[in-house]
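The lines below spell out each chain.
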Amino acid sequence: MDYLKDFIIHFVGLSVGNHHFEFDVNDLFFERFEYSQLHQGNVKVLVELDKQERMLVFSFHLEGTIEVTCDRCAEEFSMPVSGNEHLIVKYGGEYAEESDDMITIPATEYKVDLSPYIYEYLHLMLPVRIVHPEDENGHSDCNQETLRILNELTAHTDTDPRWDVLNRLKSSVEDSNQEEKKQKKKK
């Protein structure tokens, strides 16, 4: 049985107006997407469909937690996610993605699979840099032993002599620019 079939909306039999759907995104959902950055989570997805004569307007509300890996200490933790998204589906001649939030489907189509959109929305909710949140005292919840080792490794790195030459050249140019500015001010 295909778990993702539950995320398909058969809209042909629905009357014009508002319709509500509720989905539970869990580990089974993420297993269906190969090479996913996300593997575990528990997210409630509420979908409101406004069915109109020539288009469908989907409004999504996503809320829950997903398991992510900290970019700083490489340990997994549960990150809360919450957000709202919209998708407009127009009827037309063939499948086309008009924009990030608008697609066209053939007029003969009778269903829409929301799973790839939900999957994409969850990924878009992730920050660029994923790190453990801070506790009430402002300290990172990262693995302290890992942070200690990283600090030791970065504190004892020798500089590459090639960069030393470039840094001296850069300093020389900056010094001459400052001297030039001083001369202009005197005039």
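Residues numbered from 1 in each chain as written. Predicted model: local features only at pLDDT ≥ 70, side-chain atom pairs only at ≥ 80, totals over all residues. Heavy atoms only, no water.

(A) Seen up close, the overall build of the protein chain. Across its full length, the protein chain carries 4 helices and 8 strands. Secondary structure of the protein chain in N-to-C order comes out as β-β-α-β-β-β-β-β-β-α-α-α. Against the compact-globule benchmark of 16 Å for 187 residues, the protein chain has a radius of gyration of 26 Å, which places it well outside the compact range. Based on the C-alpha atoms only, the size of the protein chain along its principal axes is roughly 80 × 50 × 30 Å. For the protein chain, with 187 residues in total, the buried portion stands at 29%. Long-range pairs, those at least 24 residues apart, make up 55% of the contacts in the protein chain between residues at least 6 apart in sequence. Element-wise, carbon and sulfur atoms account for 51% of the exposed surface of the protein chain, whose accessible area totals about 12,800 Å². (Helix = DSSP H or I, 4+ residues; strand = E, 2+ residues; numbered from the N terminus. Rg over C-alpha atoms; globule rule 2.2 N^0.38 Å. Buried < 20%, exposed > 50% of the residue type's maximum accessible area, 1.4 Å probe, protein only. Contact = heavy atoms within 4.5 Å. Areas by Shrake-Rupley, 256 points an atom, 1.4 Å probe, with all protein chains shown as cover.)

(B) Here's a closer look at the packing of aromatic side chains. Under the counting rule described, the total for this entry stands at 9 aromatic pairs. The interplanar angle of 25° and the centroid separation of 5.0 Å between the aromatic rings of F7 and F23 together place this pair among those described as stacked. Placement of F7 in the segment before β1 (8-10) and of F23 in strand β2 (residues 17-25) is noted, with a sequence separation of 16 residues between them. Pair check on accessibility: F7 and F23 agree, each one buried. On the basis of an interplanar angle of 85° and a centroid distance of 5.5 Å, the ring pair of F29 and F30 is categorised as edge-to-face. Residue F29 is classed as buried on the basis of its relative accessible area of 0%. What links up through ring pairs into an aromatic cluster is the set Y3, F7, F23, F29, F30, F33 and Y119. (Phe/Tyr/Trp six-rings, centres within 6.5 Å; stacked < 30°, edge-to-face > 60°.)

(C) Expanded view of the pattern of salt bridges. In total, this model carries 6 salt bridges according to the counting rule given. A salt bridge links E22 to K44, with the nearest nitrogen and oxygen atoms 3.2 Å apart. Pair noted here: E22 is in strand β2 and K44 is in strand β3 (residues 41-51), with a separation of 22 residues, a long-range link. The partner of E145 in a salt bridge is R148, and the shortest N-O contact between them spans 2.4 Å. With E145 and R148 both in helix α3 (residues 144-155) and 3 residues apart, the pair spans about one turn of that helix. Residue R148 is classed as partly exposed on the basis of its relative accessible area of 40%. Each of E22, D24 and K44 takes part in salt bridges that share partners, so that together they form one network. (Salt bridge = Lys/Arg side-chain N within 4 Å of Asp/Glu carboxyl O.)

(D) Spatial organisation of the pairing of strand β7 (residues 102-106). Extensive coverage of β7 is indicated by the burial of 4 of its 5 residues. In terms of strand pairing, strand β5 (residues 76-92) meets β7 through 5 bridges, oriented parallel. Directly across from V89, in β7, lies its bridge partner I103. Strand direction decides the pairing type here: strand β6 (residues 96-99) and β7, joined by 3 bridges, are antiparallel. Across the sheet, the residue bridging to A96 is T104, located in β7. What sits between the antiparallel neighbours β6 and β7 is a turn of 2 residues. (Pairing = 2+ DSSP bridges.)

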